[in-house]
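Each chain, written out:
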Amino acid sequence: GRGQGPDYRLTHRTRARASRPCPRPTPAHASSYPRASPQRLVFRITMATAQKTKNTITLKGSTEIVTEFFGYSINSILYQRGIYPPESFTRVNKYGLTMLVTTDKGLMEYLSKVLSQLSDWLMNGQVQKLVVVISSVETKESIERWIFNIEQDKSSDGKPAQKGEKSEKEIMGEIQAIIRQITASVTFLPLIAEPCTFDLLIYTDSDVSVPQAWEESDPKYIAKSQEVKLRSFSTSVHKVDGMVSYRADDE
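Note that the coordinates shown come from a computational prediction; the quantities given were computed from them, not determined experimentally.

**Q** What am I meant to see in helix H2 (residues 105-123) here?
**A** Given 3.6 residues to a turn, an α-helix orients residues that are three or four positions apart in the same direction. End to end, H2 covers 27 Å across 19 residues, agreeing with the expected 27 Å (1.5 Å per residue, within 8%). In this structure Asp104 caps H2, since a side-chain oxygen of it lies 2.8 Å from the backbone nitrogen of Gly106. A positive phi of about 70° marks Gly125, the residue just after H2.

Now the structure itself:
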């Protein structure tokens, strides 16, 4: 099986000193960004390039679909969980839904760098999961972990499969179902009543090449947690399974 590397994170320059490497196997790469002002995501990858024919999904096209999904889902989590003020988001139409994306230039640039690196690792078949960690600003304690496990089809020589077969309509329907669950998260997750920040952890294979801007991070587990499974989607080249883990009541 693949070796799992340590976690890394890309830390924004305005952030305090980052965590040190964890000696145990942990998530791969992560990025931290402090609570901030308005923002907006601008990477617009067209889904039309994902297919050379109606039902053929290429590795490049699948990578674009998955990367774009993470861009919108991270924005949705930050909005729905109140990590940034609602006025710092703008509405766009995507997946047949009204989505909210950040308008803050600093956060936009940060997410763009993270997603660009994620895309490179996906193309090389080196990503195992992406985790959005929401933590208390005051205590640094992890409150929620949004976990997205990523499986990638491989050929017999261990390299990423170059294409698969699946209709765009079916893929979009599956993604829409996950986004609806994230949007509905306020109905089943505890209210976050304190200032919070977030980290993005990307778990990769142990032999992955790590850019200098990224650093190792601990997995930021929640000591006492409960879990809710989310839907999954597949492009036939990549499969993404979602789950959210949150801090259980002390009672």
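Having put the structure on the table, let's press on.
**Q** Before we go on, may I ask you to explain the side chain of Ser73 in this structure?
**A** Turning to its location among the elements, Ser73 is positioned in helix H1 (residues 59-80). According to the relative accessible area criterion, Ser73 is buried, its value standing at 1%. Filtering out sequence-adjacent residues up to four positions away, Ser73 remains in contact with Ile179 and Ile182.

**Q** Looking at this structure, how should I read the packing of H1 against H2?
**A** Two quantities define a packed helix pair, namely the angle between the helix axes and the distance between the axes. Remark: H1 packs on H2, axes separated minimally by 10 Å, with the N-to-C direction vectors making an angle of 145°. Two packed elements cross with a definite hand, and for H1 against H2 that hand is right-handed. Here Leu59, Lys60, Thr63, Val66, Thr67, Phe70, Gly71, Ile74, Asn75 and Leu78 of H1 come into contact with H2, specifically with Leu107, Leu111, Leu115, Leu118, Ser119, Leu122 and Met123. A class-by-class count of the residues in the contact of H1 with H2 yields 11 nonpolar, five polar and one charged.

What counts, and at which threshold
- Residue indices begin from 1 for each chain and proceed along its sequence in written order.
- Reporting in this predicted model follows two pLDDT cut-offs: at least 70 for local features of residues, and 80 or more for side-chain atom pairs to be given and counted; totals over whole chains, interfaces and linings ignore these cut-offs and use all residues.
- Working from all heavy atoms in the structure, the side-chain values ignore hydrogens and water.
- In this description a helix means any DSSP run of H or I spanning at least four residues, a strand means any run of E spanning at least two, and both kinds are numbered starting from the N terminus.
- Multiply 1.5 Å by the residue count of a helix minus one, and that product is the helix's expected span.
- We define a polar contact as two N or O atoms separated by no more than 3.5 Å, with the added condition that, inside protein, one atom must be a possible hydrogen donor and the other a possible acceptor, whereas residues neighbouring each other in sequence contribute only through side-chain atom pairs.
- Each residue's exposure class comes from its accessible area (1.4 Å probe, protein chains only) as a fraction of the maximum for that residue type: buried when under 20%, exposed when over 50%, partly exposed otherwise.
- Between two residues, a contact is recorded if the distance between any of their heavy atoms is within 4.5 Å.
- Axis definition: a line fitted to C-alpha atoms, over the contacting stretch in the case of helices. Angles run 0 to 180 degrees between N-to-C directions.
- By definition, turning the near helix anticlockwise from the far helix through less than a right angle yields a left-handed crossing, and turning it clockwise yields a right-handed one.
- Polar here means any residue other than Ala, Val, Leu, Ile, Met, Phe, Trp, Tyr, Cys and Pro, which are nonpolar, and Asp, Glu, Lys and Arg, which are charged; Gly is therefore polar.

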